[in-house]
Amino acid sequence: MHKTLTFSDHLRLIDERSTAFRTAVAAAPSLDMQVPTHPERTLFDLVQHVGTGRRKAAAIVAAGPADGPPEKSAWEDAAGAPQEREALLAWWTESVEQLTSTLRAAGPDRGCWTWWDDSPSPQTAGAWARRQVPEIAVHTYDVQLTVGAPQPLPEEVALDGFDDCQFTLCATTVAWPHRPAVVDYHAVEGRSWRLRLSAGGAQVAHLTPPADGAPDTADVSAWGTASDLVLFFYGRIPLDSLTFEGDRRIFDQLAAWDPSV
């Protein structure tokens, strides 16, 4: 049995991954380095982008139930992030502290606006806390890659993060615009997911062997560590970094699909 992470676990992992992010930024020779996974951004740009995203999440949770996110003035200021490294790192720490203190004050069950209202994930502060962990973890990988020392996502982060990616980012009632398909993902740590794509949308389930032992064939399947599954999902590593079989075009279609448009 795999542990189901709690709200406290997600707050702990936000702090842990944020510390790893800060450590990687502090080790960079220059903030002007180009980020390989975001060629249009320097390292400074990435820190500002990720820090602003944490401030935005804090403002959304603080606003409570709403029909949309608060105005930008609730999380942005004219000055932006400071350019000097130590000041930037302090700004990053402050951004994360705003997020975690707001989440703690709200508690996991407080309702708030989310952009994933057509997915099974709840519209709560707890769901926002969970969503932060893979976001910060993947951007930590971006910084580590920039300084030449990429590390896999910790197993606890990756397993829960891929589960969240499937149920929050993939699952939708928006019609799949291609032929129906079944996609299976298998983490070597022992968890699997099935994504069914059809005119009814995208439905996700934890995959278990059929009761009668008969195979239930997917159109395409991928195997890898949970870290690699997350990094592939976010476009950080190619499909060829995983073991896969079936129609790889379905992965291309998934990568190009934006249900919001």
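This section reports on the structure supplied with the text.

Each value, and the rule that gives it
- Residues numbered from 1 in each chain as written.
- Predicted model: local features only at pLDDT ≥ 70, side-chain atom pairs only at ≥ 80, totals over all residues.
- Heavy atoms only, no water.
- Helix = DSSP H or I, 4+ residues; strand = E, 2+ residues; numbered from the N terminus.
- Buried < 20%, exposed > 50% of the residue type's maximum accessible area, 1.4 Å probe, protein only.
- Lys, Arg positive; Asp, Glu negative; His and termini not counted.
- Salt bridge = Lys/Arg side-chain N within 4 Å of Asp/Glu carboxyl O.
- Pairing = 2+ DSSP bridges.
- Phe/Tyr/Trp six-rings, centres within 6.5 Å; stacked < 30°, edge-to-face > 60°.
- Contact = heavy atoms within 4.5 Å.

To continue, consider the side chain of Arg41. Relative to the helices and strands, Arg41 resides in strand E2 (residues 38-42). No salt bridge is formed by the buried Arg41; the nearest opposite charge belongs to Glu40, separated by 4.2 Å.

Below, the discussion takes up the pairing of strand E5 (residues 201-206). Looking at chain direction, strand E4 (residues 191-198) and E5 are connected through 6 bridges and run antiparallel. If you follow Ser198 over to E5, its bridge partner there is Gly201. What sits between the antiparallel neighbours E4 and E5 is a turn of 2 residues.

One pair of aromatic rings is described through two measures. These are the centre distance and the angle between the planes. A complete count under the given rule lists 10 aromatic pairs for this structure. Ring centres 4.9 Å apart and planes at 85° place the aromatic pair Trp176 and Trp257 in the edge-to-face group. Of the two residues, Trp176 is situated in the loop between helix H5 (155-170) and strand E3 (181-187) and Trp257 in the segment after helix H7 (249-256); the sequence distance between them amounts to 81 residues. An angle of 90° between the planes, with centres 5.4 Å apart, marks the rings of Phe232 and Phe251 as edge-to-face. Linking Phe232 in helix H6 (residues 226-233) with Phe251 in helix H7, this pair joins segments that are 19 residues apart in sequence. With relative accessibility at 15%, the residue Phe232 sits in the buried group. Judged by its relative accessible area of 6%, Phe251 is buried. One aromatic cluster is present, built from ring pairs that chain together Phe162, Tyr185, Trp193, Phe232, Phe233, Tyr234 and Phe251.

Okay, the environment of Leu31 next. With respect to the secondary-structure elements, Leu31 resides in the loop between helix H1 (7-27) and strand E1 (34-35). For the pair Leu31 and Leu43, spaced 12 residues apart in sequence, the C-alpha separation works out to 5.0 Å. Among all residues touching Leu31, those that are not within four sequence positions of it are Val25, Thr42, Leu43, Phe44, Gln83, Arg85 and Leu88.

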